[in-house]
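Spelled out, the chains give:
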Amino acid sequence: MSGAVSSLNRRALRATDATTEPLWVRILLTAIALSFLALFLVIPLIAVFTEAFSRGADVYWAAITEPDAWHAIKLTLLAAAISVPLNVVFGLSAAWAITKFHFRGKQALITLIDLPFAVSPVVAGLIYVLLFGAQSWLGPWLSDNNIKIIFAVPGIVLATVFVTFPFIARELIPLMEEQGTSYEEASLTLGASGWQTFWRVTLPSIKWGLLYGIILCNARAMGEFGAVSVVSGHIRGQTNTLPLHIEILYNEYQFAAAFAAASLLAGLALITLVVKSLLEWHHVREREKAVRAASQQA
Amino acid sequence: MSRPSVIPGFGLSLGYAAFYASLIVFIPLAFLFAKAFTLTWAEFWQTVLDPQAIASYRLSLGAAFIGALINLVFGFIVAWVLVRYQFFGKKIVDALVDLPFALPTAVAGIALTSLYAPQGWVGQWLTPLGIKVAYTPLGVIVALTFIGLPFVVRTVQPVLEELEKEIEEAAASLGANRWHTFRRILLPALLPALLTGFALAFARAVGEYGSVVFISGNMPFRTEITPLLIVSKLEQYNYAGAAALAVVLLMFSFVLLLLINLLQHWSSKRAGA
């Protein structure tokens, strides 16, 4: 990243006609890029908020405070509150095993971690219906013991865990790979225990990357639609998450209410982008500081 | 198996990771294949080669391909502009590129539908031209373009940032004009990243559901994507049929995943050379 900045400075100094495009090409390309982004990103975003308030603030307020909406919000928060920590623990242990040790089958584990990204959300829901649904092999036993997974909250949580499964591990593996093992080895040599080393040495050095992963994982967990839709059964006030609540309202032609609920999730998306950018800028600044310190020492 | 290491926790971390990954991903996916093959071969092929299913593959793959192609062209321009040019608000524009990753698909779906409906903000300009987007295959392409938008930008951007300006200067000093330099120097260097971004956008779009169901209208043979066909099989309690179609969809994804890995291998070899 610091390379990008210094190359910018260099470019500013040396910019000649030979290594940049004529002014009209630059203006044209910038205009094309911005128009494309405006059409596909900005206008849809504006549409969500405009439609949400199209029938006034009262309708908006009523739509997001009615009991079904509230229940959907709470269920969405619950699903994220369970699935994100589960994937944090998994991400940390997978990244620890993969980056600190050499073992056979490492590549297979990495492929397995990536797999949910390649699986359609609908298939992600389907696999749990096949495993735990009434018709499944486990179905009779589950119903005898009064355990409901499909068309109930556990199914929603499982589907959410599946679709957000890779996020944190994916973020941590390259980061911890880059950091190597020397700090941990030093800490252990100085007499710290394994857990002390993890909490005092490893965790502080990966905390920003971890937070980055959590932010993305949380956004997907709260917004997941396809997988959750397959396992939820769409029972109002019981198994409806916020995205499913939006679908029901929309299909009932309650557009203002649907967009009001959607505006909450769009707000979440915007907050996610802001936090994500802040973390990235922080990362760039830290890198630059490290590079500057290294060059001063040299 | 493990290299002698002073670092503890190998058994615990690998054991837990493998256990959790098997429980959440591996066993459920294995069950899917087992369920699909409770059908006889004849039944399996009949389900997956049914004309309605074939029409859905054609739409899912075709629309995903066109969407990825649109993103290849415009994503490249966006990445180029973000790396090479200066303009007001660039940081905000850069951050906004990731919106399709952060915005729930259902929200994107209803927003795009309302925009491209005949009376919508965008649709009203297209209707007089005889172009219908919402509830047609064109609508599916719009939704799939939206969700695949960040991939090409985010794979090309870092490679473009790392490119040595000196090579372009050398090309210019040897008498190449700008277009020549672009075609002969820049494009070959960026090709692996461009193709990787294209394949990622394509793979993501093939399985997409949430943003498409609202805008497509879901008419069998015309605007019904494969994931939707799986849902409708499920709603008819045809579990084995749903599983069979899911296996086909997974196969498409696995082939793409393999392709992406090969591309990344190729581009890292390029970078090393």
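To start, this report covers the structure provided alongside it. The structure displayed is predicted, hence computed values, not measured ones. Positions within a chain are numbered from 1, following the residues in the order the chain's sequence is written. Lettering of chains starts at A and numbering of ligands starts at 1, both following the order in which they are written. Owing to the predicted nature of the model, reporting of local features is limited to residues with pLDDT of at least 70; listing and counting of side-chain atom pairs is limited to 80 or more, with chain, interface and lining totals taken over all residues. As a rule here, side-chain values come from all non-hydrogen atoms in the structure, and water together with hydrogens is ignored.

1. Some remarks on the overall build of chain A
The line we're drawing: Working definition: helices are DSSP H or I runs of at least four residues, strands are E runs of at least two. Numbering for both runs from the N terminus. Within these notes, the globule rule equals 2.2 Å times the number of residues to the 0.38 power, and the radius of gyration is based on C-alpha atoms. Note on definitions: a residue-residue contact is assigned when non-hydrogen atoms from the two residues lie within 4.5 Å. Residue-level accessible areas treat just the shown protein chains as cover; the underlying method is Shrake-Rupley with a 1.4 Å probe. Residues scored as charged are limited to Lys and Arg (positive) and Asp and Glu (negative), so that His and the chain ends carry no count. Charge placement uses NZ in Lys and CZ in Arg. For Asp and Glu, CG and CD serve respectively.
The secondary structure content of chain A amounts to 14 helices and zero strands. Counted from the first residue to the last, chain A has its helices and strands arranged as α-α-α-α-α-α-α-α-α-α-α-α-α-α. For chain A, the C-alpha radius of gyration of 24 Å lies well beyond 19 Å, the compact-globule estimate for 298 residues. For chain A, the C-alpha atoms occupy an extent of roughly 70 × 60 × 30 Å along the three principal directions. Contacts in chain A between residues at least 24 apart in sequence constitute 73% of all its contacts with a sequence separation of at least 6. Summed over all atoms, the accessible surface of chain A reaches about 13,900 Å², with 65% contributed by carbon and sulfur. Taken as two groups, the 20 positive and 19 negative side-chain charges of chain A have centres that lie 8 Å from each other.

2. Structural notes on the packing of aromatic side chains
Rules: For this analysis, a ring pair means two rings from Phe, Tyr or Trp (six-membered ring only for Trp) whose centres lie within 6.5 Å, classed as stacked if their planes differ by under 30 degrees, edge-to-face if by over 60, and tilted for the remaining angles. Any residue under 20% of the maximum accessible area for its type is buried, any over 50% is exposed, and the rest in between are partly exposed; the area is computed with a 1.4 Å probe on protein chains only. Whether a charge lies above a ring is judged from NZ of Lys or CZ of Arg, which has to be within 6 Å of the ring centre and within 35 degrees of the ring normal.
Within the structure shown, the criterion is met by 34 aromatic pairs over all chains. Where A:Trp195 meets A:Phe198, the ring centres are 6.2 Å apart and the plane angle is 90°; that geometry is what we call edge-to-face. Taken together, the residues span about one helical turn, with A:Trp195 and A:Phe198 both in helix α11 (residues 194–223) at a distance of three residues. A centroid spacing of 5.9 Å and a plane angle of 40° characterise the contact between A:Phe225 and B:Phe214, whose relative ring orientation is tilted. Of this pair, A:Phe225 sits in the loop between α11 and α12 (226–232) while B:Phe214 is found in helix α11 (residues 210–216), placing the two residues in two different chains. This pair shows no difference in class: A:Phe225 is buried, exactly as B:Phe214 is. Taken together through their ring pairs, the aromatic side chains of A:Phe225, A:Tyr250, A:Tyr253, A:Phe255, B:Tyr209 and B:Phe214 make up a single cluster. A:Lys100 extends its terminal NZ or CZ atom over the ring of A:Trp96, reaching a point 5.6 Å from the ring centre. Its end group placed over the ring of A:Trp281, B:Lys91 keeps NZ or CZ at 4.5 Å from the ring centre.

3. Overview of the interface of chain B and chain A
Heads up, the rule is: The term buried area means the drop in 1.4 Å probe accessible area that two parts suffer when joined, counted for both and summed. Any carboxyl oxygen of Asp or Glu that lies within 4 Å of a side-chain nitrogen of Lys or Arg is treated as forming a salt bridge with it. Here a polar contact is taken to be a pair of N or O atoms separated by no more than 3.5 Å, where protein atoms must pair a possible hydrogen donor with a possible acceptor and residues adjacent in sequence count only if both atoms sit in side chains.
Chain B puts 88 residues into the contact, and the matching count from chain A is 93 residues. With both sides pooled, the region where chain B packs onto chain A buries about 8,300 Å², and carbon together with sulfur makes up 79% of that total. On the chain B side of the interface with chain A, the three residues burying the most area are B:Ile7, B:Tyr20 and B:Tyr85, jointly 8% of the side's total. Summed over the shared surface of chain B and chain A, the result is two salt bridges. Two residues, A:Glu21 and B:Arg178, come together in a salt bridge whose shortest N-O distance is 2.7 Å. Our enumeration of links across chain B and chain A arrives at eight residue pairs in polar contact (both at pLDDT 80 or more).

4. As for unusual backbone geometry
Residue and element names in this part refer to chain B. The backbone phi angle of Tyr-135 is positive, close to 65°, even though this residue is not glycine. You can see Tyr-135 is positioned in the loop between α7 (123–126) and α8 (137–162). One non-glycine residue with positive phi stands out, namely Phe-221, at about 70°. Along the chain, Phe-221 falls in the loop between α11 and α12 (226–235).

5. Details of helix α6 (residues 121–132) of chain A
Our working rule: Helices are assigned an expected span. That span is 1.5 Å times one less than the residue count.
With 12 residues, α6(A) ought to run about 16 Å at 1.5 Å a step, and its terminal C-alpha atoms sit 17 Å apart, in line with that. Along α6(A), the residues that are buried comprise A:Pro121, A:Val122, A:Val123, A:Ala124, A:Gly125, A:Leu126, A:Ile127, A:Tyr128, A:Val129, A:Leu130, A:Leu131 and A:Phe132.

6. Remarks on helix α1 (residues 10–36) of chain B
Residue and element names in this part refer to chain B. The following threshold applies: The quantity called bend is, for any residue, the angle between two axes fitted respectively to the seven residues ending at it and the seven beginning at it.
Between its first and last C-alpha, α1 extends 37 Å over 27 residues, near the 39 Å set by a 1.5 Å rise per residue. The largest bend in α1 comes to about 50°, at Ser-22. Along α1, the residues classified as buried are Ser-13, Leu-14, Ala-17, Tyr-20, Ala-21, Ile-24, Val-25, Pro-28, Leu-29, Leu-32 and Ala-36.

7. Points about the packing of helix α2 (residues 23–52) of chain A against α8(B)
In helix packing, the relevant descriptors are the interaxial angle and the interaxial distance, both defined with respect to the helix axes. Put simply, the rule is: Each axis is a line fitted through C-alpha atoms, taken for helices only over the stretch in contact, and angles between the N-to-C directions span 0 to 180 degrees. Roughly parallel means an angle under 35 degrees; roughly antiparallel, over 145; roughly perpendicular, 65 to 115; everything else is oblique. Residues are grouped as follows: nonpolar covers Ala, Val, Leu, Ile, Met, Phe, Trp, Tyr, Cys and Pro; charged covers Asp, Glu, Lys and Arg; every other residue, Gly included, is treated as polar.
Where α2(A) contacts α8(B), the two axes come as close as 10 Å, and the packing angle between them is 105°. Classed by the angle they form, the pair α2(A) and α8(B) counts as roughly perpendicular. Seen from α2(A), the contacting residues are A:Phe36, A:Leu37, A:Phe40 and A:Leu41; seen from α8(B), they are B:Val142, B:Thr145, B:Phe146 and B:Leu149. For the contact of α2(A) with α8(B), the residue count by class is seven nonpolar, one polar and no charged.

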